[in-house]
Amino acid sequence: MLFRILRFVFFVSICLFPSNVLAVQEHGGAEGLLSHELAHLFFAFSVTYLFVKISLSKEKKKSPYRELRMASLFFIIWNVITFVTHISREYMDKSQFQGLYLRVDNMASILWYTGSIVEHIFIVLACWYFLKALYRIKDVTGEPVDLPVNRKEL
Amino acid sequence: MISLHLHIFIDIVGSLAVIYITFQAVRTGRSIALRNRDIIFYRYLYYQAITLFVFASGRAFGHIIKRILLLTDNQDIWALLSPLSGGLNTLTFIAFSLIALMYSNVQDVNRQIDELITERRRYKRLFDYKTKIFDSMYFPAVVISEDYKILDVNRRFVEICKDKNKAELIGKNCYEVTHSSSVPCLSEDHPCPIKKVINEGTTEVVMHRHRCPEGDRIFELHISPVLFGEREVKAVIEICRDITEILKEQAEKERLRKQLFQTQKMASLQTLIAGIAHEFNNLLVGIMGNAELILNMPADAGIRERVEKISSSSQRAAELIKKMLYYQSAVHSEKQPFNLKVFLLDFQKFVHSIKPEEVDVKFILDIEDLIIYGDPQSLNDAFINIVENAFQAMIDGGRLDIEVRKTIQDGKPYVMLAFMDTGEGIAPENLDRVFDPFFTTRDVGSGTGLGLYVAKGVVESHDGKIVVESTQGEGTRFTVYLPYKD
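Counting starts from 1 at the beginning of each chain's written sequence and moves along it residue by residue. Note on labels: chains are lettered from A, ligands numbered from 1, in written order. Local features are withheld for residues below a pLDDT of 70 in this predicted model, meaning they are given only at 70 or higher, and side-chain atom pairs are given and counted only at 80 or more; totals for whole chains, interfaces and linings count all residues. As a rule here, side-chain values cover all heavy atoms of the structure and leave hydrogens and water aside.

### Looking at the overall build of chain B
Thought 1: Secondary structure elements follow DSSP: runs of H or I of four or more residues count as helices, runs of E of two or more count as strands, with numbering from the N terminus. When helices and strands are tallied, chain B shows 13 helices and 13 strands.
Thought 2: Just to be clear, the radius of gyration here is over C-alpha atoms, and the globule rule we use is 2.2 Å times residues to the power 0.38. A globule of 486 residues ought to have a C-alpha radius of gyration of about 23 Å, yet chain B, at 50 Å, is considerably larger.
Thought 3: When its C-alpha atoms are laid out on the principal axes, chain B stretches across 185 × 55 × 40 Å.
Thought 4: Residue exposure (1.4 Å probe, protein chains only): buried if accessible area is under 20% of the type maximum, exposed if over 50%, otherwise partly exposed. For chain B, buried positions account for 43% of its 486 residues.
Thought 5: Long-range pairs, those at least 24 residues apart, make up 60% of the contacts in chain B with a sequence separation of at least 6.
Thought 6: Of the roughly 27,300 Å² of accessible surface on chain B, a fraction of 57% belongs to carbon and sulfur atoms.
Thought 7: Two residue types count as positive, namely Lys and Arg, and two as negative, namely Asp and Glu; His and chain ends fall outside the count. Charge placement uses NZ in Lys and CZ in Arg. For Asp and Glu, CG and CD serve respectively. Within chain B, one finds 58 positive and 64 negative side-chain charges whose respective centroids are separated by 10 Å. Contacts were defined at the residue level, with two residues in contact if any of their heavy atoms lie within 4.5 Å. Computed with a 1.4 Å probe, the accessible areas rest on the Shrake-Rupley method; for each residue, only the protein chains presented here act as cover.

Okay, here's the thing in structure tokens:
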């Protein structure tokens, strides 16, 4: 129930607060930073939910749940980093970018520079663990599964 | 100032890595989902992989295109594309998030499917177990519905129906398969107990003759109801026990028992007859000798007439004793090689000379010169006895066929002599007794009942055998088998 309410609130929020703001990747115009950041929060919430659900289950240490749990964890971290990076970009001035150089003279530029590098590590790790989970399943079910009985026979 | 070269490098490498990884995830997820269609969780992961790929590749392409456009001083184009890239990015976030939130529901569905599969496996194992038991039964078994359709058969049943497999048998009418009939078995000698078993719920045991590819077989059928509900019977299980060989063995044992009884009876009778005949003969010698002496003495006519009657009666008694003792002499007579064809040609002439006018005799001699080891005189007497017996059975006329040809019995060469008359025949209850001494169905005084007894003794003393077959009102056939050596 709580989840449904939250989900409703997120969607309503996206619709109610359209604004002409910019993000790291220039989420401007009709999209806007706010909706993108809310989507990040929604993403973070859903993968946190996944992480908690798996952590509470008995299978958390077994494949592929172990790998899925790790993927969820890295997705959470990635969301946090990109969320901060998007905001920090808003506090930077365009003049700080000079060709292929960046003038680092405030905290926002440091956070942006660091975040936009580190986020790649976590998104790659998250995707890699997700792929690993699928590989684990494939290892177990590599051969075509011999289903016990044809449904029609039951 | 910090150089952005490393930043750009990591951006491009990281983006390419994510594209590659998520593409692999889609491929793997698809493979898993297709191979395990019943596991909804795998399909869930596959959909997650797709959204992740769309999200990651869209984002990564966005990053790469952005770098290229910015480095080539095309900020205007990037300004146009940027909202599209960002919007797609946001949408795929949401799609991935929504799918991620369905985790619990998917797991619940998956658990239910797992339980279903487990249950199905359990049923499959149970089904296999029951099928194996059914197939391991030594006796053929078949399940038949109330409308005579075959519902199931075990392996043994399929084996006895050599020309059909299980799939061909199921669905067919039982009477078509086991009786080659187009209607259910309703005849009195093959009553079908299926209706009775279904109506009364009892077990029935009946004997049926089934048509099998190798010939007719006799089956003892144990038919039990198959209960579908508490007392609802809609099918029966029929366990078929092939008792053909058992019945054959029983018949053979019965035949041997009768044969042994007959042999013992004959041996006892022969001993008794020989003893009585010998003693009686001694007494007759005294009676006949004294009668002769009296007849040679002067006496009145009345005494003479009575003594002559004593003498003639004694003569007849002596003839009877001679016949009784003939069996012993014939059986123990000297045997020598002789030409059977020559013997039979003489015998043919003799038969024609003694045959009644109203009887036709036909000889079929289908043999070449053949040497037999035996006593031609005693064999002649034996065959004459059989022929006379046939003539007496055809007082009102008829036909006697005598066929002689070579044959094989139990792998050994024999000469077969068949005497087939069209007389009155022998009653079935008398067939076993026709070779007994003194057995006759004729009027007292018209036969001694020793002819066939002597014939059998003579044939058996030649290591042969004699068989009688008769149909009352149609005729009788005596078949003599005499061994010969090529």
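Next, the rest of the story.
### Let's talk about the packing of helix H4 (residues 107-140) of chain A against helix H2 (residues 40-71) of chain B
Thought 1: Inter-axis angles, ranging from 0 to 180 degrees, are taken between N-to-C directions of lines fitted to C-alpha atoms, where helices are fitted over the stretch in contact. In the contact formed by H4 of chain A and H2 of chain B, the axes pass within 12 Å of each other and the chain directions differ by 150°. By the criterion of interaxial angle, the relationship of H4 of chain A to H2 of chain B is roughly antiparallel. Here H4 of chain A runs over H2 of chain B; the crossing is left-handed. Listed contacts from H2 of chain B to Glu119, His120, Ile123, Cys127, Phe130, Leu134 and Ile137 of chain A of H4 of chain A are Tyr42, Leu45, Gln48, Ala49, Leu52, Phe55, Arg59 and His63 of chain B.
Thought 2: Each residue gets one label: Ala, Val, Leu, Ile, Met, Phe, Trp, Tyr, Cys and Pro are nonpolar, Asp, Glu, Lys and Arg are charged, and the others, such as Gly, are polar. Of the residues in the contact of H4 of chain A with H2 of chain B, the class split is 10 nonpolar, 3 polar and 2 charged. An angle below 35 degrees is read as roughly parallel, one above 145 as roughly antiparallel, one from 65 to 115 as roughly perpendicular, and any other as oblique. Handedness of each helix crossing follows the sense of rotation of the near helix against the far helix: counterclockwise by less than a right angle gives left-handed, clockwise gives right-handed.

### Looking at the nonpolar core
Thought 1: Phe383 and Phe419 of chain B are the most contacted members of the largest nonpolar core, which totals 53 residues.
Thought 2: The leading source of residues in this core is helix H12 (residues 376-393) of chain B, at 8 residues.
Thought 3: Among the domains, domain 3 (248-331) and domain 4 (336-483) of chain B are the pair contributing at least three residues each to this core.
Thought 4: Sequence-distant contacts of Phe383 of chain B, that is, excluding residues within four places in its chain, are made with Phe343, Phe347, Leu417, Phe419, Val480 and Leu482 of chain B.
Thought 5: We call a set of buried Ala, Val, Leu, Ile, Met, Phe, Trp, Tyr and Cys residues a nonpolar core when their side-chain atoms join them within 4.5 Å. Grouped together as the second largest cluster of nonpolar side chains are 50 residues, Ala126 of chain A together with Ile32, Ile99 and Leu101 of chain B included. Domain start and stop points were drawn from an automatic or database domain assignment.

### Description of the packing of helix H1 (residues 5-35) of chain B against H2 of chain B
Residues and elements named next belong to chain B.
Thought 1: Closest axis-to-axis distance for the H1/H2 pair is 8 Å, and the angle between their directions is 155°. Taken as axis vectors, H1 and H2 run roughly antiparallel relative to one another. Between H1 and H2 lies a crossing whose hand is left-handed.
Thought 2: For the contact of H1 with H2, the per-class residue count stands at 20 nonpolar, 6 polar and 4 charged.

### Focus on the pairing of strand S3 (residues 150-153) of chain B
Thought 1: Any two strands with at least two DSSP bridges between them are considered paired. Sheet analysis places strand S2 (residues 141-145) of chain B next to S3 of chain B, joined by 3 bridges and oriented antiparallel. Paired with Ile144 of chain B across the two strands is Ile150 of chain B, which belongs to S3 of chain B.

### Things to note about the interface of chain A and chain B
For an interface, size is often stated in terms of accessible area lost upon the parts coming together.
Thought 1: In this assembly, 59 residues from chain A lie in contact with 61 residues from chain B.
Thought 2: Each reported salt bridge corresponds to a side-chain nitrogen of Lys or Arg within 4 Å of a carboxyl oxygen of Asp or Glu. If you look at where chain A meets chain B, you find 1 salt bridge.
Thought 3: N or O atoms closer than or at 3.5 Å make up a polar contact, with two conditions inside protein: a donor-capable atom paired with an acceptor-capable one, and, for residues adjacent in sequence, both atoms drawn from side chains. Here chain A is connected to chain B by 9 residue pairs in polar contact (both at pLDDT 80 or more).
Thought 4: Mapped by element, the contributors of at least two residues to the side of chain A that touches chain B are helix H1 (2-16), helix H2 (33-56), helix H3 (65-90), strand S1 (97-98), strand S2 (101-102) and H4 of chain A.
Thought 5: Direction of pairing for S2 of chain A relative to strand S1 (residues 2-3) of chain B: antiparallel, over a ladder of 2 bridges. Looking at the pairing, Leu102 of chain A lines up with Ile2 of chain B of S1 of chain B.

### Observations regarding the domain arrangement of chain B
All names here are of chain B.
Thought 1: Partitioning chain B into domains gives domain 1 (5-101), domain 2 (137-242), domain 3 (248-331) and domain 4 (336-483).
Thought 2: When each unit is reduced to the centre of its C-alpha atoms, the spacing between domain 3 and domain 4 is 24 Å.
Thought 3: With 14 residues of domain 3 at the interface, the matching set in domain 4 holds 15 residues.
Thought 4: Buried area between domain 3 and domain 4, summed over both chains or domains, comes out near 1,300 Å², and the portion from carbon and sulfur atoms is 68%.
Thought 5: Inspection of the region where domain 3 meets domain 4 yields 2 salt bridges.
Thought 6: Our enumeration of links across domain 3 and domain 4 arrives at 1 residue pair in polar contact (both at pLDDT 80 or more).
Thought 7: For the side of domain 3 that touches domain 4, the secondary structure elements donating two or more residues are helix H9 (244-296) and helix H10 (301-331).
Thought 8: A class-by-class count of the residues in the side of domain 3 that touches domain 4 yields 9 nonpolar, 2 polar and 3 charged. The buried area of a pairing is the accessible area, by a 1.4 Å probe, that goes missing from both parts when the two are put together, added over both.

### Observations concerning the confidence of the model for chain A
Residues and elements named next belong to chain A.
Thought 1: The predictor's confidence in any single residue is recorded as pLDDT, a number from 0 to 100. Of the residues in chain A, 79% have a pLDDT of 70 or more, and the chain-wide mean is 79.
Thought 2: Predicted confidence is poor over residues 19-23, with pLDDT under 50, and the contacts of this stretch with residues over four places away or in other chains come to 18 contacts.
Thought 3: Below a pLDDT of 50 lies the segment residues 143-154, which in the model reaches 14 contacts outside its immediate sequence neighbourhood of four places, other chains included.

### Topic: the sheet that holds S1 of chain B
Thought 1: Taken in spatial order, the 3 strands line up as S1(A)-S2(A)-S1(B) in an open sheet, and their pairing is antiparallel. The outermost strands of the open sheet, each flanked by one partner alone, are S1 of chain A together with S1 of chain B.
Thought 2: The pairing of S1 of chain A with S2 of chain A spans 2 bridges and is antiparallel. By the bridge assignment, Phe97 of chain A is partnered in S2 of chain A with Leu102 of chain A.

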